[in-house]
Amino acid sequence: MTVELLTIAAYARHRGCDEKAVRRAIAENRITRLSTERRCIDPHVADVQWARNTRSRVRPSRSGAKGAAPEPVPGYADARLRRERAEADIAELEASRRAGTLMEVDPARRAVFDCFRELRDANFAAMRSAAPSVVGLADVREVQHVLEDALRVGFDHFEQRMQAMLAARSGA
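All figures in this text were calculated on a predicted structure; none of them were measured in a lab.

Q: How would you sum up the pattern of salt bridges? Please name residues and give values.
A: Applying the stated criterion across every chain, the model contains 13 salt bridges. Among the salt bridges present, the one from Arg 23 reaches Glu 19, with a minimum N-O distance of 2.6 Å. Of this pair, Arg 23 and Glu 19 both sit in helix 2 (residues 19-27), four residues apart, which is roughly one turn of the helix. Taking relative accessible area as the criterion, Glu 19 reaches 29% and is therefore assigned partly exposed. With a shortest N-O distance of 3.0 Å, Asp 149 and Arg 152 are connected by a salt bridge. A residue pair is termed a helical-turn pair when its members lie 3 or 4 positions apart in one helix, as Asp 149 and Arg 152 do in helix 6 (residues 140-171) at three residues. Judged by relative accessible area, which is 43%, Arg 152 ranks as partly exposed. Residues participating in the shared-partner salt-bridge network are Arg 80, Arg 83, Glu 84 and Glu 87.

Below you can see the structure in the form of structure tokens.
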């Protein structure tokens, strides 16, 4: 049985790696050469040693991986187009803000929270004020009318408050 020996360059092609990687593996004793002559690496032994002693790295292939197209490098025109689109978006947002059709998220969330808290509190107060009126009623419809009237007062107050807030916002 003959042993096929390879040069460092041939073994690098066999492994699909750079010749420098093979030389580094030899220098670090991760693979061994049979002798110092030109054809000195047994590929079968070196493959076993390489698998056992070398961490695999993920690196892009030079010829392109099977089925993977190389990513295009963005050029000046692409960067300029992205910048101009961003500037146009910013200009539209600024125009909307100045026109009053755009508002910041945090103040809007706070305003909605405050409005609904006020509506909740008004309706709970309406129930407390309507409770004494319901005590002597035996008919369900009468109780319902008293409660609806009390709630209507709370909703009317809420509507007036919202109208005032919207008028103040549109005037700002």
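Q: Please give an account of the side chain of Asn 123 that cites residues and values.
A: One can find Asn 123 in helix 5 (residues 105-134). With relative accessibility at 14%, the residue Asn 123 sits in the buried group. Excluding its chain neighbours within four sequence positions, the residues that come into contact with Asn 123 are Leu 151, Gly 154 and Phe 155.

Q: Explain the packing of helix 1 (residues 8-15) against helix 3 (residues 43-53) residue by residue, including any values.
A: Each packed pair of helices is defined by two parameters, the angle between the axes and the distance between the axes. Viewed as axis vectors pointing N to C, helix 1 and helix 3 meet at an angle of 60°, and their least axial separation amounts to 11 Å. As summarised for this structure, helix 1 and helix 3 are arranged oblique, according to the angle between their axes. Crossing hand, helix 1 versus helix 3: right-handed. Along its contact with helix 1, which presents Tyr 11, His 14 and Arg 15, the element helix 3 presents Pro 43, Ala 46, Asp 47 and Trp 50. Of the residues in the contact of helix 1 with helix 3, the class split is four nonpolar, one polar and two charged.

Q: I'd like a rundown of the packing of aromatic side chains, residues and numbers included.
A: Under the defined criterion, the tally for this structure stands at two aromatic pairs. Measuring from centroid to centroid gives 6.1 Å for Phe 116 and Phe 158, while their planes differ by 45°, and the two rings are tilted. Note that Phe 116 is positioned in helix 5 and Phe 158 in helix 6, a separation of 42 residues in sequence. Of the residues examined, Phe 116 reaches a relative accessible area of 53% and is grouped as exposed.

Q: Quick rundown of unusual backbone geometry? Include the residues and the values.
A: The phi dihedral of Asn 29 falls on the positive side, at around 60°, and the residue is not glycine. Position of Asn 29 relative to the elements: it lies in the loop between helix 2 and helix 3. Given the relative accessible area of 62%, Asn 29 is considered exposed.

Q: Tell me about helix 3, residues and numbers included.
A: Residues spaced three or four apart along an α-helix point in a common direction, a consequence of the helix completing one turn every 3.6 residues. Among all positions in helix 3, only Pro 43, Ala 46, Gln 49 and Trp 50 are buried. In an axial view of helix 3, the angular spread of the buried residues amounts to 125°, which keeps them on one side of the axis. Of the exposed residues in helix 3, those oriented more than 90 degrees away from the buried face are His 44, Val 48, Ala 51 and Arg 52.

Q: How would you sum up the side chain of Asp 42? Please name residues and give values.
A: Topologically, Asp 42 is positioned in the loop between helix 2 and helix 3. Of the residues examined, Asp 42 reaches a relative accessible area of 13% and is grouped as buried. Here Asp 42 is in contact with Val 3, Glu 4, Leu 5 and Leu 34, once residues within four sequence places are set aside.

Parameters at a glance
Residues numbered from 1 in each chain as written. Predicted model: local features only at pLDDT ≥ 70, side-chain atom pairs only at ≥ 80, totals over all residues. Heavy atoms only, no water. Salt bridge = Lys/Arg side-chain N within 4 Å of Asp/Glu carboxyl O. Helix = DSSP H or I, 4+ residues; strand = E, 2+ residues; numbered from the N terminus. Buried < 20%, exposed > 50% of the residue type's maximum accessible area, 1.4 Å probe, protein only. Contact = heavy atoms within 4.5 Å. Axes fitted to C-alpha atoms, helices over the stretch in contact; angles between N-to-C directions. Parallel < 35°, antiparallel > 145°, perpendicular 65-115°, else oblique. Left-handed = near helix turned anticlockwise from the far one by under 90°. Nonpolar A, V, L, I, M, F, W, Y, C, P; charged D, E, K, R; others polar. Phe/Tyr/Trp six-rings, centres within 6.5 Å; stacked < 30°, edge-to-face > 60°. Arc of directions from axis to C-beta.

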